[in-house]
Amino acid sequence: MTDMSKRQTFQDLLEGLTTAVVWIRSDETIGYMNIAAGELFQTSTSRIVGVHWSAILPDLVEDVHKADEQKLTIHEYALILPDFTKVRVSCTLAPYEVNDEKGWLMEIFNTERHHRIVEEDERWHQYEAGNLLVRTLAHEVKNPLAGILGAAQLLQRRYSPKDKEQAFLDIISKEVSRLKNLVDRMLGPKQTAEKEPHNIHELIRYVLQIIEGEKPGNVYIKLDYDPSIPEVNIDFEAMVQAILNLVKNAIQAMEKHGGILTIKTRVERKFTLGTKTFPLVAVISIMDEGEGIPEEVFDSIFYPMVSSKKEGTGLGLPVAQSVLRQHGGLIVAESEPGKTVFNVYLPLNTED
C-alpha cells in the first residue's frame, strides 16, 4: 500500500467516526475537521478551514498552548450552535503533529444524551412521588367536584338555552365533568389510558380557548406550528389538563412584566425516551419570557408541593408529568431569566 493510499485510508477512518475531531494548526487556525464535527457545529469543512479555532469553541481555554505538553480535558462546556440551541460537550485537547507541522488534536464528545438519560431517571422518581400524592388528593377533591356539578346542573334548569348565563354554566358543567373524569382515572388502577387519534394543534386550540378569559392583556400568544405532524394517539381530556397546567404556569410567570407566550410544535427523529428510542417524536414547546425558575427549586419542580410561586400548590407539574408518563412521553424543562421552556415529548406511531 502506497503512502497516498494509506493517507486516504486513514482519512476514510476519520470521516467514519461518530466522534467530532478537529486538528488545529500551529498558527491556531483549523486545518481539518471530520464529518461528525461538521454535523455537531452545523457547518462544512470548506467554510471552517483556516478560521481561528475559537470561532467554534469560544472561551474553551485561555491559551491553546497549555496543551503543548499534555492532554487537557474540559467537561461540561456549553456549546451554542448557529441555530441558538445549547449542547453540552466534553473536549480533549492534545499536542499532535501532522506532516511535520506541530499543532493540536481536539476531540469533542456530545454529552447531551447522557445528561438527558440521567435527568429522565430523576424525573421518573419525581413522577412516582408525585403520583402517590396526586392520587391521595384526587380522592379528597372528588366529592366537592360532584357538588359543584350538581349545583351547576340545577342552575341550568333556571335559564333557557337562549340566556347568556346558560353558556357560562355549560362551560362550568363541561369543565367540572372533565376534571371529575380525570380524578376517576387518577384513582383507578394503573392501566393504559383510552387513547384516540387527535390533532395536537386542535388540542392546543382548545387549551387556549379555556384560558382566554384569564389571560392578562400584557401577555401575547405566538403560534409556531409544524402542520405536517400526524395525529397522535392520546387521551384528549387528560392531555388537555397537562398542557393547560403548563400554559397557565407560563402566563402566570409573565403577569407582572408581560411578554410573549410561544407555543411551537416540531418533530424529532430517533429520539430516546427512557430506555427506548423512537423513530419519531412529536414535541410541543411552551416558552415564556418570565423571570425564570429559581435555581434552588429547579431540580425539584416535578415533585409535589414544590413551587416558586407564593400562591402555587406545587401540583400542576406533577399532574402534567403523570399524564405524559401514561402516554409514554416526558416533560423536560429549561429555564433562565427571560426564557423558560417546557418541552412535551409524545411518541408517534410510525405505523399509522
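A.B. asks: Account for the overall build of the protein chain, naming residues and giving values.
C.D. replies: Counting its secondary structure elements, the protein chain contains nine helices and 12 strands. Residues classed as buried in the protein chain amount to 40% of the 352 residues present. If you sum the accessible surface of the protein chain, you get close to 20,200 Å²; carbon and sulfur atoms cover 52% of it.

A.B. asks: Could you give an account of the pattern of salt bridges, with specific residues and numbers?
C.D. replies: One pass over the structure, following the stated rule, counts four salt bridges. Measuring nitrogen to oxygen at the nearest pair gives 3.9 Å for the salt bridge that ties Lys66 to Glu62. When its relative accessible area of 77% is taken as the criterion, Glu62 is described as exposed. A salt bridge links Asp224 to Arg266; its shortest N-O distance comes to 3.0 Å.

A.B. asks: So what about the nonpolar core? Which residues, and what values?
C.D. replies: Of all hydrophobic cores here, the largest spans 43 residues; its most connected members are Met239, Ile243, Val247, Leu261 and Phe342. Among the elements that take part in this core, helix H7 (residues 236-253) stands out by supplying 10 residues, more than any other. Non-local contacts of Met239, meaning those with residues more than four positions away in its chain, are made with Leu203, Ile234, Val323, Leu324, His327 and Leu346. In this structure, Phe41, Leu60, Val64 and Ala67 belong to the second largest nonpolar core, which totals 27 residues.

A.B. asks: Any chance you could break down unusual backbone geometry for me, citing the residues and the numbers?
C.D. replies: Phi angles above zero are rare outside glycine, and Asp59 is one such case at about 65 degrees. Of note, Asp59 is situated in the loop between helix H3 (45-48) and strand E3 (72-80). Given a relative accessible area of 74%, Asp59 falls into the exposed group. Residues other than glycine seldom take positive phi values, yet Asn99 does so here, at roughly 50 degrees.

Reading guide: rules and limits
- Residues numbered from 1 in each chain as written.
- Predicted model: local features only at pLDDT ≥ 70, side-chain atom pairs only at ≥ 80, totals over all residues.
- Heavy atoms only, no water.
- Helix = DSSP H or I, 4+ residues; strand = E, 2+ residues; numbered from the N terminus.
- Buried < 20%, exposed > 50% of the residue type's maximum accessible area, 1.4 Å probe, protein only.
- Areas by Shrake-Rupley, 256 points an atom, 1.4 Å probe, with all protein chains shown as cover.
- Salt bridge = Lys/Arg side-chain N within 4 Å of Asp/Glu carboxyl O.
- Core = buried A, V, L, I, M, F, W, Y, C linked by side-chain atoms within 4.5 Å.
- Contact = heavy atoms within 4.5 Å.

Any link to function would need more than the numbers given here.
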